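The lines below spell out each chain.
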Amino acid sequence: MIYDITQEVFSCKVFPGDLAPSKTSPQRIQNGDPCNLTDFSMCAHNGTHVDAPFHFIDGAKTIDKIPLEAFVGACYVAEHQGDVSAEDAQAIVAKARAAGAGERILIKGKATITAPAAKVFTDAKIRLIGNESQTVGPENAPREVHLIFLGSEIVILEGVVLHEVPEGRYFLSAAPLNLGGCDGAPCRAYLIGEE
């Protein structure tokens, strides 16, 4: 089973203050043009996207410098509602490791990762953390949690759609667009169920 966990771009959730994606149609066959052509504009952090360390750390790695191995491989989906405490994070890491998917963790539900939880995930040496919100940390103060993850070069995958995905182990593909020198990039993320 393949689960598409990506938001549709032009109707996606947008972090407060970010410009929403927009598109224009400079050419249309119905208008006598030789083809249909779409121009679009968007923030690198709209919809389902990946944060690079450069997003919060000047001079750190940009999205094009992160090895693809971080975005592709065994992944564990854990369900949680509310703040993720250090104890919650320890339990999630234990389940992910028991399932053989301790490097990439996605959190399903309306969950906010706290700084103590981020430290637990960092100490566990995960490569990627993801959630359904447009930010992994508190929306009104996301900086601390981002610095903990990005300072350890842990990839952040935000804005995934997991409501139809049961908790468990999957194969994840969430490679971002190769946007040279950028602080993040949209991606087409999907999970493949491992029978």
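The structure under discussion appears in the preceding block.
A quick note: this is a predicted structure, and the numbers were derived from the prediction, not measured.

Parameters and conventions
- Residues numbered from 1 in each chain as written.
- Predicted model: local features only at pLDDT ≥ 70, side-chain atom pairs only at ≥ 80, totals over all residues.
- Heavy atoms only, no water.
- Phe/Tyr/Trp six-rings, centres within 6.5 Å; stacked < 30°, edge-to-face > 60°.
- Helix = DSSP H or I, 4+ residues; strand = E, 2+ residues; numbered from the N terminus.
- Buried < 20%, exposed > 50% of the residue type's maximum accessible area, 1.4 Å probe, protein only.
- Axes fitted to C-alpha atoms, helices over the stretch in contact; angles between N-to-C directions.
- Parallel < 35°, antiparallel > 145°, perpendicular 65-115°, else oblique.
- Contact = heavy atoms within 4.5 Å.
- Nonpolar A, V, L, I, M, F, W, Y, C, P; charged D, E, K, R; others polar.
- Pairing = 2+ DSSP bridges.
- Salt bridge = Lys/Arg side-chain N within 4 Å of Asp/Glu carboxyl O.

**Some remarks on the packing of aromatic side chains**
Step number 1: One pass over the full model with this rule turns up three aromatic pairs.
Step number 2: With 6.5 Å between their ring centres and 80° between their planes, F10 and F40 make a pair best called edge-to-face. Linking F10 in the loop between β1 (2-4) and β2 (22-27) with F40 in strand β3 (residues 37-41), this pair joins segments that are 30 residues apart in sequence.
Step number 3: The exposure class of F10 is partly exposed, given its relative accessible area of 34%.
Step number 4: In this structure F40 comes out as exposed when scored by relative accessible area, which is 56%.

**Comments concerning the packing of helix α2 (residues 115-123) against helix α3 (residues 143-151)**
Step number 1: Interaxial distance between α2 and α3 falls to 9 Å at its minimum, and their mutual angle equals 5°. In this view, α2 runs roughly parallel relative to α3, as classed from their interaxial angle. Side by side, α2 and α3 meet where A115, A118, K119, F121 and T122 of the first sit next to E144, V145, I148 and F149 of the second.
Step number 2: Here the residues of the contact of α2 with α3 are counted per class, giving six nonpolar, one polar and two charged.

**A few points about the environment of D123**
Step number 1: Looking at where D123 falls in the secondary structure, it is placed in helix α2.
Step number 2: For the pair formed by D123 and S152, sequence separation is 29 residues and the distance between their alpha carbons is 9.4 Å.

**Things to note about the sheet that holds β1**
Step number 1: On the basis of which strands lie adjacent, the open sheet formed by nine strands has the order β1-β13-β11-β5-β7-β9-β10-β4-β12 and mixed pairing. Among the strands making up the open sheet, the edge pair consists of β1 and β12 (184-186). Direction aside, the axes of adjacent strands within the sheet are offset by 25° on average.
Step number 2: For strand β4 (residues 49-51) and strand β10 (residues 155-158), the ladder comprises three bridges, and the chain directions are antiparallel. The partner of D51 across the bridge, within β10, is I156.
Step number 3: Taken strand by strand, helix α1 (residues 86-98) contacts β5 (72-79) and β7 (104-108), and its axis lies near 125° from that of β7.
Step number 4: α3 rests against β4, β9 (128-131) and β10 of the sheet, and its axis sits at about 130° to β10.

**Topic: the side chain of S173**
Step number 1: Looking at the secondary structure, you find S173 in strand β11 (residues 168-173).
Step number 2: Residues within four places of S173 in sequence aside, it is in contact with F71, V72, R188, A189 and Y190.

**Thoughts on the pattern of salt bridges**
Step number 1: Taken as a whole and judged by the stated rule, the model has six salt bridges.
Step number 2: With a shortest N-O distance of 2.7 Å, D4 and R188 are connected by a salt bridge. Linking D4 in strand β1 with R188 in the loop between β12 and β13 (190-193), this pair joins segments that are 184 residues apart in sequence.
Step number 3: Residue D4 is classed as partly exposed on the basis of its relative accessible area of 40%.
Step number 4: We note a salt bridge from R104 to E103, for which the minimum N-O separation is 3.7 Å.
Step number 5: The exposure class of R104 is buried, given its relative accessible area of 5%.

**Some words on unusual backbone geometry**
Step number 1: Even without a glycine there, the phi angle at K125 is positive, about 60°.
Step number 2: Exposure remark for K125: the relative accessible area of 65% places this residue in the exposed category.
Step number 3: For E153, which is not a glycine, the phi torsion comes out positive at approximately 55°.
Step number 4: Tracing the chain through its elements places E153 in the loop between α3 and β10.

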